[in-house]
Amino acid sequence: MPSHFDASVQFAKQQDEEDKLRKFRDAFYFPQHDDKDTIYFCGNSLGLQPKGVAAAIDQELKDWKNIAIGGYLHAKNPWLFYQHNFCRPLSRIAGCREHEVTVMNTLTVNLHLMLLSFYRPSQEKFKIMMEAGAFPSDQYAIETQIAFYGLNPEEAIIEISPRPGEKILRDEDILEAIDYHKDSLALVLFGGINYYSGQVYDMKSITGAAHKAGAIAGFDLAHAAGNIELQLHDWDVDFAVWCSYKYLNGGPGAVGGAYIHERYARDTNRNRMAGWWGNDEKTRFEMKKGFLPKMDAGAWNISTAQVFNMVALKASLDIFEQTTMEVVRAKSVGLTGYLEFLLHELASPDFEIITPAAPESRGAQLSLFFKTEGRAVHRKMTEAGIVVDYREPGVIRVAPAPLYNSYEDVFSFYQILQHFYQ
């Protein structure tokens, strides 16, 4: 991260010249506006398409066309073991061991599967804690899981809100709440990063507090995977799930990811919803009764690998394999810091940055809260070739993704905003 910032295009160009990730910008397609690349700051909603995707899909189409069923063993990337391609790169992104990570289904399906394995309510310990205003899918999944056991969501869900007049949660309030509810708490489920505010939660401390309270610690990493450095194994997180179409650039509806700590991944007695693809590969084709789970996170796989829903993610992860999350994160801190600096340079802006100022408490996203004119400003940005998104109530989310965004992108965004406020 630069030691200082300067509101000039020369500074932005110099930072881009020194950027270790500069070559990857040309590995992605940018949407066009007036025959020019858009300023695309929406990777927190849908990442750009890697240029290698078309060839990767074409390879699987050719193998299907030319050898059909033979593709399960003889395709260039054999389909029988296709999900194995993701263990190494995702273990590096998630900060875990290769046997603790798998790909399957989509995020909310995986969340339901994890809850069926890890939410085991008793008469005394039956409550689930989450942040207030979590992404709706998480809210719906928790509500229906609790109702599945005949419990009342109004009684069993503990939502932690910011203090009056504040827009982000304080770490100490989360930890105090976990301790306060320890006698009735069964599971803690937070987003690694809050989708609305962009706040990074202290996953290590939350996990420790949950375990001290005798509860399971799980996380939805939709906005964290491929965005911030994670150390899920060392933090002792029990389980986590994520989607692959945001910072991981896997395409719309891409296959989801799941992490299960090895103490559970290698526990063949752990309750789970079983399927043929999760059975031990050494005995899978014996076609016998009696599920024999694999000794890794893949034991939660239910169905055949979704090759055509995985192939774009594989092409994206090939890019991640050419760098490290440490380098990705370092550039992200610089880009987001520069964006914040420039936003503060604007004359009389009518928004408030609600994302935490501390780099360790945020990822690539800054959330700009507009009291009245958020939608109108968002429309003007779209007309100017800026791709960001709007979330009720009143927030425009701006997310420069370090793999393909540049400092000059950030400066150009600032220049356009300057025009708004003149």
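Bear in mind the structure is a predicted one, so any value in this text is a computation, not a measurement.

Conventions and cut-offs
- Residues numbered from 1 in each chain as written.
- Predicted model: local features only at pLDDT ≥ 70, side-chain atom pairs only at ≥ 80, totals over all residues.
- Heavy atoms only, no water.
- Patch = residues over 30% accessible without salt bridge, like charges linked within 9 Å, V, L, I, M, F, W, Y side chains within 5 Å.
- Areas by Shrake-Rupley, 256 points an atom, 1.4 Å probe, with all protein chains shown as cover.
- Salt bridge = Lys/Arg side-chain N within 4 Å of Asp/Glu carboxyl O.
- Lys, Arg positive; Asp, Glu negative; His and termini not counted.
- Charge placed at Lys NZ, Arg CZ, Asp CG, Glu CD.
- Helix = DSSP H or I, 4+ residues; strand = E, 2+ residues; numbered from the N terminus.
- Core = buried A, V, L, I, M, F, W, Y, C linked by side-chain atoms within 4.5 Å.
- Buried < 20%, exposed > 50% of the residue type's maximum accessible area, 1.4 Å probe, protein only.
- Contact = heavy atoms within 4.5 Å.
- Polar contact = N/O pair within 3.5 Å; in protein donor to acceptor, adjacent residues only side chain to side chain.
- 1 Å grid on protein atoms, 1.4 Å probe; cavity = no way out; pocket = protein on both sides within 12 Å on 5 of 7 lines; lining within 4 Å.
- Points joined across faces, edges and corners; volume = space filled by probe spheres on them.
- Nonpolar A, V, L, I, M, F, W, Y, C, P; charged D, E, K, R; others polar.
- Pairing = 2+ DSSP bridges.
- Axes fitted to C-alpha atoms, helices over the stretch in contact; angles between N-to-C directions.

**Some thoughts on a negative patch on the surface**
Piece 1. Taken together, the side chains of E143, E154, E155 and E159 define an acidic patch exposed on the protein surface.
Piece 2. Note on placement: E155 falls in helix α7 (residues 153-156).

**Quick look at the nonpolar core**
Piece 1. Counting 67 residues, the largest nonpolar core has F190, L232 and W242 as the members making the most contacts within it.
Piece 2. Sorting elements by how many residues they give to this core places helix α11 (residues 307-320) first, with seven residues.
Piece 3. Non-local contacts of F190, meaning those with residues more than four positions away in its chain, are made with M129, M130, E131, I160, L169, I174, Y201, I206, G218, F219 and D220.
Piece 4. Core analysis: the next-biggest nonpolar cluster, separate from the first, contains 32 residues, F126, A134, A156 and A265 among them.

**Concerning the side chain of D409**
Piece 1. Along the chain, D409 turns up in helix α14 (residues 407-420).
Piece 2. On the basis of relative accessibility, which here comes to 8%, the residue D409 falls in the buried class.
Piece 3. Here the side chain of D409 touches N405 through a polar contact of 3.1 Å, side chain to side chain.
Piece 4. Beyond its immediate chain neighbours, meaning those up to four positions away, D409 contacts R25, I39, F41 and Y404.

**Overview of the side chain of S8**
Piece 1. Mapped onto the elements of the fold, S8 is located in the segment before α1 (9-17).
Piece 2. Residue classification places S8 among the buried residues on the basis of a relative accessible area of 13%.
Piece 3. Only 2.5 Å separates the side chain of S8 from the side chain of D6, close enough to count as a polar contact.
Piece 4. Excluding its chain neighbours within four sequence positions, the residues that come into contact with S8 are Y338 and F411.

**Structural notes on empty space enclosed by the protein**
The probe, sized like a water molecule, is rolled over the atoms to show the empty space still left.
Piece 1. What the rule picks out here adds up to three cavities of 30 Å³ or more.
Piece 2. What the largest cavity holds in volume is close to 80 Å³.
Piece 3. Every residue lining the largest cavity is listed: Q83, V103, M104, N105, W277, N301, I302, S303, T304, A305, Q306 and M310.
Piece 4. Considered class by class, the residues forming the lining of the largest cavity number six nonpolar, six polar and no charged.
Piece 5. The calculated volume of the second largest cavity comes to roughly 50 Å³.
Piece 6. Lining the second largest cavity are G226, Y247, N249, F320, V328, A401, P402, L403 and Y404.
Piece 7. Its residues assigned to classes, the lining of the second largest cavity shows seven nonpolar, two polar and no charged.

**A word on the sheet that holds strand β17 (residues 395-398)**
Piece 1. The strand order across the open sheet built from four strands is β13-β14-β17-β16, with neighbouring strands paired in antiparallel fashion. Strand pairing shows two members of the sheet lacking a second neighbour, β13 (351-353) and β16 (389-391), which therefore form its edges. Strand-to-strand twist of the sheet, defined as the mean angle between neighbouring strand axes without regard to direction, takes the value 30°.
Piece 2. Pairing analysis gives three bridges linking β13 to strand β14 (residues 366-370), with the strands arranged antiparallel.

**Comments concerning the sheet that holds strand β12 (residues 256-260)**
Piece 1. The sheet built from seven strands is open, its strands ordered β6-β12-β11-β10-β9-β7-β8 with mixed pairing. Looking at which strands have only one partner, the edges of the open sheet turn out to be β6 (101-104) and β8 (157-160). The mean inter-strand angle of the sheet, taken between neighbouring strand axes irrespective of direction, is 20°.
Piece 2. Pairing geometry for strand β7 (residues 127-131) and strand β9 (residues 185-191), over three bridges, is parallel. Residue pairing in the sheet places M129 in a bridge with V188 of β9.
Piece 3. Packed on one face of the sheet, helix α5 (residues 107-118) meets β6, β9, β10 (216-220), β11 (239-242) and β12 and runs near 165° to β11.
Piece 4. Against the sheet, helix α9 (residues 203-212) makes contact with β9 and β10, and its axis sits at roughly 150° relative to β10, the strand it touches most.

The values reported here are purely geometric and, on their own, carry no functional implication.
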